[in-house]
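Now for the letters of each chain:
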Amino acid sequence: NAGVTQTPKFQVLKTGQSMTLQCAQDMNHNSMYWYRQDPGMGLRLIYYSASEGTTDKGEVPNGYNVSRLNKREFSLRLESAAPSQTSVYFCASSELAGDLISTGELFFGEGSRLTVL
Amino acid sequence: AQTVTQSQPEMSVQEAETVTLSCTYDTSESDYYLFWYKQPPSRQMILVIRQEAYKQQNATENRFSVNFQKAAKSFSLKISDSQLGDAAMYFCAYRTSLIQGAQKLVFGQGTRLTINP
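Scoring rules and cut-offs
- Position numbers for residues start from 1 in each chain and track the written sequence from start to end.
- Note on labels: chains are lettered from A, ligands numbered from 1, in written order.
- Local features in this predicted model are restricted to residues whose pLDDT is 70 or higher, and side-chain atom pairs enter the listing and the counts only when it is 80 or higher, whereas totals over whole chains, interfaces and linings include all residues.
- Processing note: side-chain calculations cover all non-hydrogen atoms of the structure and skip hydrogens and water entirely.
- Secondary structure elements follow DSSP: runs of H or I of four or more residues count as helices, runs of E of two or more count as strands, with numbering from the N terminus.
- Radius of gyration: over C-alpha atoms. The globule rule applied is 2.2 Å multiplied by the number of residues raised to the 0.38 power.
- Whether a residue is buried, partly exposed or exposed follows from its accessible area with a 1.4 Å probe, protein chains only, as a fraction of its type maximum: under 20%, in between, or over 50%, in that order.
- Neither His nor the chain termini are counted; the positive set is Lys and Arg, and the negative set is Asp and Glu.
- Here the site of a charge means NZ on Lys, CZ on Arg, CG on Asp, or CD on Glu.
- Pairs of N or O atoms within 3.5 Å make up the polar contacts considered here, provided that, within protein, one atom can donate a hydrogen while the other can accept it, and that residues adjacent in sequence are counted only when both atoms are side-chain atoms.
- When a carboxyl oxygen of Asp or Glu is within 4 Å of a side-chain nitrogen of Lys or Arg, the pair counts as a salt bridge.
- Contacts: residue pairs with any heavy atoms within 4.5 Å of one another.
- What gets called buried area is simply the loss in accessible area from a 1.4 Å probe that two parts show on being joined, summed for both.
- Remark: nonpolar core denotes a set of buried residues (Ala, Val, Leu, Ile, Met, Phe, Trp, Tyr, Cys) joined through side-chain atoms within 4.5 Å.
- Disulfide: a pair of cysteine sulfur atoms within 2.5 Å of each other.
- Two strands qualify as a pair provided that DSSP identifies no fewer than 2 bridges between them.
- Think of each axis as a best-fit line through the C-alpha atoms, taken over the contacting stretch in the case of a helix, with angles from 0 to 180 degrees between the N-to-C directions.

(A) Representation of the overall build of chain B in the model. The helix and strand inventory of chain B stands at 0 helices and 12 strands. Counted from the first residue to the last, chain B has its helices and strands arranged as β-β-β-β-β-β-β-β-β-β-β-β. In terms of overall size, chain B behaves like a compact globule, its C-alpha atoms giving a radius of gyration of 14 Å where 117 residues would be expected to give roughly 13 Å. Within chain B, the fraction of its 117 residues that count as buried is 48%. Averaged over its 11 positive side-chain charges, chain B has a centre that lies 6 Å from the centre of its 10 negative ones.

Have a look at this one:
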């Protein structure tokens, strides 16, 4: 099973360039998330989508936009990249809280390492 | 807002010995979930163990167990009979006991565990 798939795995950008990180899950989950991981700071939530058609800001949304394209796909866009956005980005998915089958677990992709020069 | 603190940036242990990773959290809620995730060099985040706050019994998964002290807001992970494959970054995470909606996790800063052969 593929689980959560992110593309690209690595990307180098120049300051001011734009790019989109793609994420797709094949587990029929309702909720999807974008986190960023920085040394000494753990994972911080950028945006999330509780269900298809909804998106909400997380802890660190500035400089990012998201699109929940359909139930499977959730993309993260950097409109004008800055060196402060150099990080490893993780997409994750889960069942909705309250679902009978919900375990509370998030399922993660393998991460995308982004460097902004 | 809830916070999660891992005060040990790095830990090391001899192979076959036991190691305990610390985690404390701050919340005013009475019901919630706690998790330990493992991140090996491959970057893939893997769920190690989960604890529901309303359960008094400490969770156990093979060589992994937790010491959950609700009053002290402490959630430590004990790894017994450490193996080389246990070398990874370990993250403690908190989730509110939501009735509905996305399952947003709040992560600690992480502890890098090294296994010495």
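Structure shown, so let's carry the discussion forward.
(B) Just the environment of Glu-29 of chain B, in detail. All names here are of chain B. Its location among the elements puts Glu-29 in the loop between β4 (24–26) and β5 (32–39). Assessed through its relative accessible area of 29%, Glu-29 is described here as partly exposed. Expressed as a C-alpha distance, the spacing of Glu-29 and Ala-53, which sit 24 residues apart in the sequence, is 9.9 Å. In this structure the side chain of Glu-29 is engaged in a polar contact, spanning 2.4 Å, whose partner is the side chain of Tyr-94.

(C) The arrangement of the pattern of salt bridges in detail. Residue and element names in this part refer to chain A. Within this structure, the stated rule accounts for 6 salt bridges over all chains. Residues Glu-79 and Arg-77 are paired through a salt bridge, measuring 3.1 Å at the closest nitrogen-oxygen approach. When its relative accessible area of 43% is taken as the criterion, Glu-79 is described as partly exposed. Here the salt bridges do not stand alone but share partners, grouping Arg-36, Asp-38 and Arg-44 into one network.

(D) Broad picture of the interface of chain A and chain B. If you look at the interface, chain A gives 31 residues, while chain B gives 22 residues. Summed over both sides, the interface of chain A with chain B buries roughly 2,000 Å², with 53% coming from carbon and sulfur. Counting across the interface, chain A meets chain B through 0 salt bridges. The interface formed by chain A and chain B contains 7 residue pairs in polar contact (both at pLDDT 80 or more). Those elements that place two or more of their residues in the side of chain A that touches chain B are β4 (31–38), β5 (42–49), β9 (87–94) and β11 (112–116) of chain A.

(E) Examining the nonpolar core more closely. If you look at the biggest cluster of nonpolar residues, it comprises 25 residues, and the most contacted ones within it are Tyr-25, Trp-36, Phe-75, Leu-77 and Tyr-90 of chain B. Elements supplying a minimum of two residues to this core: β3 (19–21), β5, β6 (46–52), β8 (64–69), β9 (74–79), β10 (88–96) and β12 (111–116) of chain B. Residue contributions to this core peak at 4 residues, all from β10 of chain B. Residues in contact with Phe-75 of chain B, not counting those within four places in the same chain, are Cys-23, Tyr-25, Leu-34, Phe-35, Trp-36, Gln-51, Val-66, Asn-67, Phe-68 and Cys-92 of chain B. Counting 21 residues, the second-largest nonpolar core is a separate cluster that includes Tyr-48 and Ala-50 of chain A together with Met-89 and Phe-107 of chain B.

(F) Broad picture of the state of the cysteines. The full count for this structure, using the stated rule, is 2 disulfides over all chains. Between the sulfur atoms of Cys-23 of chain A and its disulfide partner Cys-91 of chain A the distance amounts to 1.9 Å. Since a negative S-S torsion denotes a left-handed disulfide, the Cys-23 of chain A-Cys-91 of chain A link at about -75° is left-handed. Within this pair, whereas Cys-23 of chain A is found in strand β3 (residues 19–25), its partner Cys-91 of chain A is found in strand β9, the two being separated by 68 residues in sequence. A sulfur-sulfur separation of 2.0 Å characterises the disulfide bridge that pairs Cys-23 of chain B with Cys-92 of chain B. Taking the sign of the S-S torsion, -70° for the link of Cys-23 of chain B and Cys-92 of chain B, the bridge is left-handed. Here Cys-92 of chain B lies in strand β10 and Cys-23 of chain B lies in the loop between β3 and β4, a separation of 69 residues in the sequence. Here the two residues Cys-23 of chain B and Cys-92 of chain B agree in accessibility, since each one is buried.

(G) Spotlight on the sheet that holds strand β8 (residues 74–78) of chain A. Residue and element names in this part refer to chain A. Strand order in the open sheet formed by 4 strands is β1-β3-β8-β7, with antiparallel pairing between adjacent strands. With partners counted over all chains shown, the strands left at the sheet margins are β1 (4–7) and β7 (65–68), one partner each. Neighbour to neighbour, the strand axes of the sheet diverge by 15° on average, direction disregarded. As paired strands, β3 and β8 are joined by 3 bridges and run antiparallel to one another. In the strand pairing of β8, Leu-21 is matched with Leu-76.

Keep in mind these values describe shape, not function.
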